[in-house]
Amino acid sequence: MNLFRAHVLVCGGTGCTSGGSSEIRARLEKELLAKGLDKEVKVVTTGCHGLCEMGPLVIVYPEGTMYTHVTPDDVPDIVNEHLYKGRIVERLLYKEPLTEEKVPHYGDLPFYQKQKRVVLQNCGYINPERIEEYIARGGYSALAKVLGEMTPEEVIAEVKKSGLRGRGGAGFPTGLKWEFCRKAAGEPKYVVCNGDEGDPGAFMDRSIMEGDPHRVLEGMIIGAYAIGASEGYIYVRAEYPLAVKRLRIAMKQAEELGLLGDNILGSSFSFRIHIKEGAGAFVCGEETALMASIMGQRGMPRPRPPFPANQGLWDKPTNINNVETWANIPDIILKGGDWFASMGTEKSKGTKVFALTGKVRNTGLVEVPMGITLREIIFDIGGGIPGGKKFKAVQIGGPSGGCLPESQLDLPVDYESLTGAGAIMGSGGLVVMDEDTCIVDVARFFLNFTRSESCGKCTPCREGIKRMLEILDRIVGGEGKMEDLDLLERTALVVKQSALCGLGQTAPNPILSTLRYFRDEYVAHIQDKRCPAGVCAALLVYRIKPELCRGCTACTKVCPVGAISGTRKEVHFIDPDKCIKCGACMERCPFGAIVRG
Amino acid sequence: MTKLKSLDDLRRLREELQKEVEARQGGETQIIVGMGTCGIAAGAREVMTAILEELARRNIKATVLQTGCIGMCEKEPLVDVVRPGEKRITYGHVTPRDVPRIIGEHVVNGRIVEDLVVGRAN
Ligand SMILES: Cc1cc2nc3c(=O)[nH]c(=O)nc-3n(C[C@H](O)[C@H](O)[C@H](O)COP(=O)(O)O)c2cc1C
Ligand code: SF4
Ligand code: SF4
Ligand code: FES
Ligand code: FES
């Protein structure tokens, strides 16, 4: 066996792959061969590092030097300078956005400093398509421990002790859920991995499945042993082809090694996993709809009880957990429930993965200990708001979540605090908004999403969301009335309380939270007919400042509807009834005489 | 791949596979080869190859790094050995023939190869 003195990690996550990382890999191999380094430098494709914004990423070990925005043409420098001569290629290093300082070492990036990577420990570090690397990093030892030394009851007790709660949204205690299913009568039993991830902008689960698929499998196999299940399903949306591919490879490798299938590790325990590709409807992430979809029926929720633990797939006891929940299991077994419970807060233990997006410097995937504040995530890890803009709000929990203002930034991130503030943990979407965002428009955006994703089975959700959206449309269109706010609030509460499934029950959250924290902004739209952020087109007025207008006539030439009148060298005027608010005149005016407000 | 039949099978496999990710974890002892222009001209590449071969042959865990010019060009090829908690020892005029000695004596047993030393630092 060769001794590779250096490993060059090329990110093969979805972000970097679309940025051309496979060409970078090909070029690396070519240049290494040309330099005669191919026997001593190994090229490894990994999963996502979470810093997709900086991609494509290349990391060189043993130094741990991280290169950002790499193109195939940068490869010769990396090979000739760094790998051949040991000189770091300065120009490709990550630059601290504020200080412009270059950060050579991967681990020194402020982005990683406050993170605690448990679930993501292998993401971006190992080649997800090789079970060997997972095993070398201690993979499947938890499974071996469970099969060799623990009874199913002991496994459940350990998971209960850890305090792990479901990462798919509702935060139900995982150990307890397993116990219900273990105790339920009926054979066979099933376990399901929920990889639907329907929140727009979320990619936590995708990255885990792509970057460390064996961790998810190992968690499921352990769970199946604890529950007494013999069959498992992974439900992944078909828009995640790379996740599906890597899971399939991982399953095949685990089967070949006897870690999945009949008589796992020589024991009497047998378990198989099937992959079900979903069509990608948001409601199919809801557990009863998801199970209907697995059974080949239309993905619609049904009332609970009966809960899946008693009547799930084919009416048999079924345990369903989120991808991240499963991925937490191996370390809980290896390091113990107490270790896990030492991270986090009183009632929320461990870590949580978030997809940080929107108006923040470092967008990407972050894993943080529970109890960290939103401020630390957005400002310390995320690097704050770009372009000198001011922070306005953060939407946490996706379309079912809530929108929190500056005053809530010191809130610790745990299930109870977030729910108390009117948001939810959800599956981990964090969208940061700056002062240029109109809050009413944001609420409208999320509501529009839930409206189109509502399955239509129950009236409160189907009709209620539509009615609320109509009200919001009126408000942003300048036709809102003050009574609308009460109507909006009442409708929201009715839908929240009477919808059949979580989609309808949580859809009003964006409205309720924005009404709670940003009521002024609604009032400005209604009473002053003004959009403070200058977003809502119907409320904008274009006006010419007489003191600045020189009568150059430039604006009249670009106005597509002839709304501007005036003679040469005299002050011009915009007819507000004709103006369609395209903004062309403002851009054109050489004297900055046209303003919007 | 053959099926794993027990806990021990898995443990054995894991040990065998350690090499898979070793370079990413970093060994305790560091061996640093000077790869400046004159280092390469004096044969540092050949020394590097010899080091890698020797480590592989003896199955030794160590981090192999390179460095640029350190201002001792006339003593190239230069090889530094840093054992955890010990002084950084610099060897000069190293040839591939010296490599087994440096590794066998110093890296493995902690005995400095005095006749080749050209510098010591903390
Ligand atoms: C509309 C809707 C969408 C959901 N989407 C997801 C999803 O994409 N992924 C997920 O894990 N859970 C989703 N859930 C939550 C699941 O119903 C279920 O609670 C979860 O998979 C249980 O796993 P956990 O206990 O590990 O969180 C969704 C729920 C609702 C109501
Ligand atoms: S709440 Fe909405 S998505 Fe859920 S069942 Fe009712 S109509 Fe369907
Ligand atoms: S905003 Fe557009 S439509 Fe209105 S006056 Fe200017 S150019 Fe004409
Ligand atoms: S895909 Fe490369 S860092 Fe996320
Ligand atoms: S190039 Fe080697 S010490 Fe100067």
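None of the values given here were measured: they were computed from a predicted structure.

Moving on: the nonpolar core. Residues and elements named next belong to chain A. Counting residues in each nonpolar core, the largest one holds 125 residues, and the members touching the most others are Tyr140, Leu259 and Leu404. In terms of residues, this core owes the most to one element, helix 10 (residues 213-227), which gives nine residues. Those residues in contact with Leu404 that sit more than four places away from it in its chain are Leu374, Phe391, Lys392, Ala393, Val394, Ile396, Leu411, Leu418, Ala421, Ala423 and Tyr517. If you look at the next biggest cluster of nonpolar residues, it comprises 33 residues, including Leu447, Cys461, Leu512 and Tyr522.

Moving on to the domain arrangement of chain A. The assigned domain composition of chain A is domain 1 (6-113), domain 2 (131-341), domain 3 (351-434), domain 4 (439-526) and domain 5 (541-596). In this structure, domain 4 of chain A and domain 5 of chain A have C-alpha centres spaced 37 Å apart.

Every one of the 13 residues lining ligand 2 counts as a neighbour, but A:Cys455, A:Cys458, A:Cys461, A:Cys501 and A:Gly504 are closest to it. Split by residue class, the shell around ligand 2 holds nine nonpolar, three polar and one charged.

Right, let's talk about the environment of A:Val571 for a bit. Residues and elements named next belong to chain A. Mapping Val571 onto the fold places it in the loop between strand 17 (564-565) and strand 18 (573-574). Judged by relative accessible area, Val571 falls into the partly exposed class, the value being 44%. On a C-alpha basis, the gap between Val571 and Ile544 in space is 8.3 Å, while along the polypeptide they are 27 residues apart. With residues near it in sequence (within four places) discarded, Val571 still touches Pro546, Cys549 and Gly566.

The topology assignment puts A:Ile135 in helix 5 (residues 131-136). Overall, the relative accessible area of 0% leaves A:Ile135 in the buried class. Distance from A:Ile135 to A:His214, taken between C-alpha atoms, is 9.3 Å for residues 79 residues apart in sequence. Not counting residues within four places of it along the chain, the set of residues in contact with A:Ile135 comprises A:Tyr140, A:Leu257, A:Leu259, B:Leu10, B:Leu13, B:Arg14 and B:Leu17.

Attention now moves to the site of ligand 1. All names here are of chain A. Around ligand 1 sit 18 residues in total, of which Gly168, Lys177, Asn321, Asn322 and Thr325 are the nearest. Interatomic distance of 3.5 Å between a backbone N/O atom of Gly198 and an oxygen atom of ligand 1. At 2.8 Å from an oxygen atom of ligand 1 is found a side-chain nitrogen or oxygen belonging to Asn321. Isolated, ligand 1 exposes 610 Å² of accessible area, and the fraction of that covered by the protein chains is 89%. At the level of elements, strand 10 (318-322) and helix 20 (502-506) are the ones that each hand at least two residues to the shell around ligand 1. Element by element, the count of residues in the shell around ligand 1 is highest for strand 10, at three residues. Here the shell around ligand 1 is composed, by residue class, of three nonpolar, nine polar and six charged.

Taken together, the contact between chain B and chain A spans 34 residues of the former and 43 residues of the latter. Taken together, both faces of the contact between chain B and chain A bury some 3,400 Å²; the carbon and sulfur share is 60%. On the surface where chain B and chain A come into contact, there are two salt bridges. A salt bridge links A:Glu133 to B:Arg24, with the shortest nitrogen-to-oxygen separation between them at 3.0 Å. At the surface where chain B touches chain A, the tally comes to 11 residue pairs in polar contact (both at pLDDT 80 or more). Partitioning the side of chain B that touches chain A into residue classes produces 16 nonpolar, 11 polar and seven charged.

Time to look at the sheet that holds strand 1 (residues 30-34) of chain B. Strand pairing in a sheet relies on backbone hydrogen bonds. The paired strands run either parallel or antiparallel. Residues and elements named next belong to chain B. One open sheet holds the five strands; their spatial order is 2-1-3-4-5, and the pairing between them is mixed. Strand pairing shows two members of the sheet lacking a second neighbour, strand 2 (63-67) and strand 5 (117-121), which therefore form its edges. The average angle at which neighbouring strand axes cross in this sheet is 20°, direction not considered. As paired strands, strand 4 (residues 88-91) and strand 5 are joined by four bridges and run antiparallel to one another. Note that in strand 5 the partner of Ile89 across the bridge is Arg120.

What counts as what
- Residues numbered from 1 in each chain as written.
- Chains lettered and ligands numbered in written order.
- Predicted model: local features only at pLDDT ≥ 70, side-chain atom pairs only at ≥ 80, totals over all residues.
- Heavy atoms only, no water.
- Core = buried A, V, L, I, M, F, W, Y, C linked by side-chain atoms within 4.5 Å.
- Buried < 20%, exposed > 50% of the residue type's maximum accessible area, 1.4 Å probe, protein only.
- Helix = DSSP H or I, 4+ residues; strand = E, 2+ residues; numbered from the N terminus.
- Contact = heavy atoms within 4.5 Å.
- Domains from an automatic or database assignment.
- Near = heavy atom within 4 Å.
- Nonpolar A, V, L, I, M, F, W, Y, C, P; charged D, E, K, R; others polar.
- Polar contact = N/O pair within 3.5 Å; in protein donor to acceptor, adjacent residues only side chain to side chain.
- Areas by Shrake-Rupley, 256 points an atom, 1.4 Å probe, with all protein chains shown as cover.
- Buried area = accessible area lost by both parts, 1.4 Å probe.
- Salt bridge = Lys/Arg side-chain N within 4 Å of Asp/Glu carboxyl O.
- Pairing = 2+ DSSP bridges.
- Axes fitted to C-alpha atoms, helices over the stretch in contact; angles between N-to-C directions.

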